[in-house]
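Structural characterization, general
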Amino acid sequence: MFFYLTTLSLQKFIKEDVSVLSDETPETERFLVIEVWKHSTFLCKNYILSGLEDTLYNVNSGVEMSKKLWITLEKKYKIEDAGLKKFVAAKFLDYKMVDNKSGITQVQELQVIIHDLLAEGLVINEAFQVAAMIEKLPPLWKDFKNYLKHKRKEMSLEDLIVRLRIEEDNKTAEKRGRGNSTIMEQMLLKRTKRGRRLLDRNTT
């Protein structure tokens, strides 16, 4: 809205009051200056109101001056912005990864929260993002987490995500391997039991 008002050369009417003229200014000139100012602030106020939703228009349409309207809206939405920043920051700090969910999925969720933080103007450099993601890894990733923390070479966020994806693939492969070996052990055990039964029968 400020940019729009600037293109219309009306931005000063949300910051300034009517110009104070000297006593020596002729009455006709004084009248013209005041009327031009009234007309411009009227336009400015209505351009601002036209950008509001119907409910907000009804609440704010009674405000007479564009400067007062702008200050009212700015105070309201600056307070809301501060509240939203606190909410997003708390969401980021409270986020904890868990073992029973895909690590990459959780990293992506954390990236969305970080994107929201950046969108709210909270500056978080890449090194901090990498360190935070490593710190939030779930308990079963403890060994890999320690490995990453002791790496001397600084990683980019992209490098970290690639490493996490590889590690998750390795963990998935290990689980499958353990599952297959358990099945094989059970099959061998059954065969052994059958063999013993047959042996016992033949012996008797």
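Computed from a prediction, not measured in an experiment: that's the story for all the values here.

1. Re the overall build of the protein chain
The helix and strand tally for the protein chain stands at eight helices and zero strands. Start at the N end of the protein chain and walk to the C end: the helices and strands fall as α-α-α-α-α-α-α-α. Sorting the 204 residues of the protein chain into buried and exposed places 25% on the buried side. For the protein chain, the share of sequence-separated contacts (at least 6 apart) that also reach a separation of at least 24 residues comes to 56%.

2. A word on the pattern of salt bridges
Tallied over the entire structure, the rule returns six salt bridges. With a closest N to O distance of 3.8 Å, Lys 171 and Glu 167 form a salt bridge. Placement of the pair is Lys 171 and Glu 167 together in helix α8 (residues 157-203), with a separation of four residues, close to one helical turn. Overall, Lys 171 belongs to the partly exposed group, its relative accessible area being 23%. The exposure class of Glu 167 is buried, given its relative accessible area of 17%. Residues joined by salt bridges that share partners form a network here, namely Glu 135, Lys 145 and Lys 149.

3. Overview of a negative patch on the surface
On the surface, Glu 126, Glu 154, Glu 158 and Asp 159 cluster together into a patch of negative charge. Looking at the secondary structure, you find Glu 126 in helix α6 (residues 126-135).

4. Some details on the side chain of Ser 66
Mapping Ser 66 onto the fold places it in helix α4 (residues 66-94). Among the residues examined, Ser 66 registers a relative accessible area of 0% and is labelled buried. At 2.6 Å, the side chain of Ser 66 and the side chain of Thr 41 are in polar contact. Non-local contacts of Ser 66, meaning those with residues more than four positions away in its chain, are made with Phe 13, Ile 14, Thr 41, Cys 44, Lys 45 and Ile 48.

5. Structural notes on the layout of surface pockets
If you add up the space inside the largest pocket, you get close to 260 Å³. Forming the boundary of the largest pocket are 13 residues, of which Asp 99, Leu 140, Trp 141, Lys 171 and Lys 175 lie nearest the centre. In terms of residues, the lining of the largest pocket owes the most to one element, α8, which gives six residues. Around the second largest pocket, the lining residues are Ala 127, Val 130, Ala 131, Ile 134, Glu 135, Leu 148, Lys 149, Lys 151, Lys 153, Glu 154 and Met 155. Among the secondary structure elements, those contributing two or more residues to the lining of the second largest pocket are α6 and α7 (142-149). The dominant element in the lining of the second largest pocket, judged by the number of residues it contributes, is α6, at five residues. Tallied by class, residues from the lining of the second largest pocket come to six nonpolar, no polar and five charged.

What counts as what
- Residues numbered from 1 in each chain as written.
- Predicted model: local features only at pLDDT ≥ 70, side-chain atom pairs only at ≥ 80, totals over all residues.
- Heavy atoms only, no water.
- Helix = DSSP H or I, 4+ residues; strand = E, 2+ residues; numbered from the N terminus.
- Buried < 20%, exposed > 50% of the residue type's maximum accessible area, 1.4 Å probe, protein only.
- Contact = heavy atoms within 4.5 Å.
- Salt bridge = Lys/Arg side-chain N within 4 Å of Asp/Glu carboxyl O.
- Patch = residues over 30% accessible without salt bridge, like charges linked within 9 Å, V, L, I, M, F, W, Y side chains within 5 Å.
- Areas by Shrake-Rupley, 256 points an atom, 1.4 Å probe, with all protein chains shown as cover.
- Lys, Arg positive; Asp, Glu negative; His and termini not counted.
- Charge placed at Lys NZ, Arg CZ, Asp CG, Glu CD.
- Polar contact = N/O pair within 3.5 Å; in protein donor to acceptor, adjacent residues only side chain to side chain.
- 1 Å grid on protein atoms, 1.4 Å probe; cavity = no way out; pocket = protein on both sides within 12 Å on 5 of 7 lines; lining within 4 Å.
- Points joined across faces, edges and corners; volume = space filled by probe spheres on them.
- Nonpolar A, V, L, I, M, F, W, Y, C, P; charged D, E, K, R; others polar.

From the geometry alone we can't say anything about function, so treat these as descriptive.
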